Amino acid sequence: MASLNRRSFLGLAGAGTAATVMAPRLHALGWAEQEAAKTVAANDHIQIALIGAGGQGMGDTRTALQVPGVKLVAVADCYNGRLERSKELWGNDILTTGDYGEILARTDVDAVIIGTPDHWHKRASVDAMKAGKDVYCEKPMIHLYSDGPEMIETSRKTGKILQVGSQRVSSVIYAKAKELLAAGAIGKLNVVSAWWDRNSSMGAWNYTVPPDASVETFNAEHFFQWRKWKAYGSGVAGDLFVHLFSGTHFITGSNGPVRGLATGGLRYWKDGRDADDVMLGLFDYREDFNLSVRVNFVDGGEENSGFLFAGSEGTMAIDGNTLSLLRVPRYADPGLTVDTFPEAMQKTIIEEHRKQYPKTVTSEDLLGGTEKFEAPRGYSDSFDHFANFFASVRSRKPVVEDAVFGYRAAGAALLSNLSVERGAVVRWDPDGMKLV
């Protein structure tokens, strides 16, 4: 890959992209400004329903309703308290029900948000698409590997949109990282390091159980803290690794790893859960780079997550809505270590070396130093992700994160669980999207 000189790099840094991002401060020209400026006709509203009104589902709905031209008409959840809260938030005129079939039977629902526990993602999504609804499904798309092909095929057969909710795929920061990597800003990519660490009870999924939770109808702790059990969730791999994989795949353009090895365990939150609170994974990519991922729920500090892309000529780090680029190019002249050789030999070697490398590369030829890119204050990739989804619902154009992309990200992430269970390396076909 050709090295960037100072002029070409500065040109790259200042140029706009298809995602309308610029340096040093990325100007979103974003959906927030563009969409808010549009007047949406009364008959052009997209009417949505929420299936699974937990914390993520309600958060998704709040964000979705910020997109102009979107209206909530119904909410389904198994806990009556959440249905009551939905009316408090969004009005008494919305339908609330404990049976999402009532929602799918309505002809005035265009799309649904699936915010259920992981083990219901496939069934709710498939039922919704067969009922003629477009679907925004929370990550991870799958709970079991068998879920993926059925969800992909149902979307294809019905012609209904399925977008998976890993919002970084719509982020201007990740779009800029993708552009810089493709342009050779850090040379050849060798290693990607990604992590998501926490150190709080809430971060470890110990969500509040309401006093009126009915033990007669369900196990209250399992219902409200479902991520702690493999029967309903996918552990730290499905909850957090999947974000790291979707970001990696988007930026690099890869379909996924070909093999992986993971280890982990319950190190601190030994409260009856069977999902590990620490997990580390290593993955090989056929594009000739490695990915290391880590989640630690007992990290002894503040919650933090990020990426470090290491290349032959620099590194690229993502921290929230900031992208930092550090370039330390590799000079063509490898240098010499000859001072331990006899003087006559040193002279011969130096003369031959100067013939092979007659010119010394200067700082003006290759760019060193750092560059930082920032999204505008208040920027939300979650908003952009929903705006992209609703734009596709209107236009019927492909979404930014379809079922195939979502399955490849989740399938790769869940290799970690499989590796821990087997105590062995697991292999994955990223094109065929299957275990091998």
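Please refer to the structure higher up on the page.
Note that the coordinates shown come from a computational prediction; the quantities given were computed from them, not determined experimentally.

J.: Would you mind going over the overall build of the chain with me for this structure?
T.: The number of helices and strands found in the chain is 14 helices and 16 strands. Each of the 436 residues in the chain was classed as buried or not, and the buried ones make up 50%. Contacts in the chain between residues far apart in sequence, at least 24 positions, make up 72% of those at least 6 positions apart.

J.: Which parts of the structure should I look at to understand the pattern of salt bridges?
T.: A side chain of one charge can pair with a side chain of the opposite charge when the charged atoms of the two come close. Scanning the entire structure with this criterion turns up 20 salt bridges. In this structure, R85 and E88 form a salt bridge, with 3.1 Å as the shortest nitrogen-oxygen distance. With a gap of three residues between them, R85 and E88 both fall in helix α4 (residues 80-90), about one helical turn apart. On the accessibility criterion, R85 (37% relative accessible area) is partly exposed. Through salt bridges that share partners, E221, K228, D271 and R273 make up one connected network.

J.: What's the story with the nonpolar core in this structure? I'm lost.
T.: If you look at soluble globular proteins, the nonpolar side chains tend to sit buried side by side. Formed by 80 residues in total, the largest nonpolar core has its most connected members in V112 and M316. Sequence-distant contacts of M316, defined by excluding residues within four places in its chain, comprise A177, L180, L181, I186, I251, F307, L308, F309, L323, S324 and L325. Counting residues in hydrophobic clusters, the runner-up holds 24 residues, among them L50, V75, F389 and V399.

J.: Just checking my understanding: could you explain the pairing of strand β8 (residues 259-265) for this structure?
T.: One face of the sheet, then the other: side chains in a regular strand alternate in exactly this way. Where β8 meets strand β9 (residues 278-285), seven bridges bridge the pair, whose relative direction is antiparallel. Note that in β9 the partner of A262 across the bridge is G281. Note: β8 against strand β15 (residues 426-429), two bridges, orientation antiparallel. Each residue of the ladder has a partner; that of G260, found in β15, is V426.

What counts, and at which threshold
Residues numbered from 1 in each chain as written. Predicted model: local features only at pLDDT ≥ 70, side-chain atom pairs only at ≥ 80, totals over all residues. Heavy atoms only, no water. Helix = DSSP H or I, 4+ residues; strand = E, 2+ residues; numbered from the N terminus. Buried < 20%, exposed > 50% of the residue type's maximum accessible area, 1.4 Å probe, protein only. Contact = heavy atoms within 4.5 Å. Salt bridge = Lys/Arg side-chain N within 4 Å of Asp/Glu carboxyl O. Core = buried A, V, L, I, M, F, W, Y, C linked by side-chain atoms within 4.5 Å. Pairing = 2+ DSSP bridges.

Any link to function would need more than the numbers given here.
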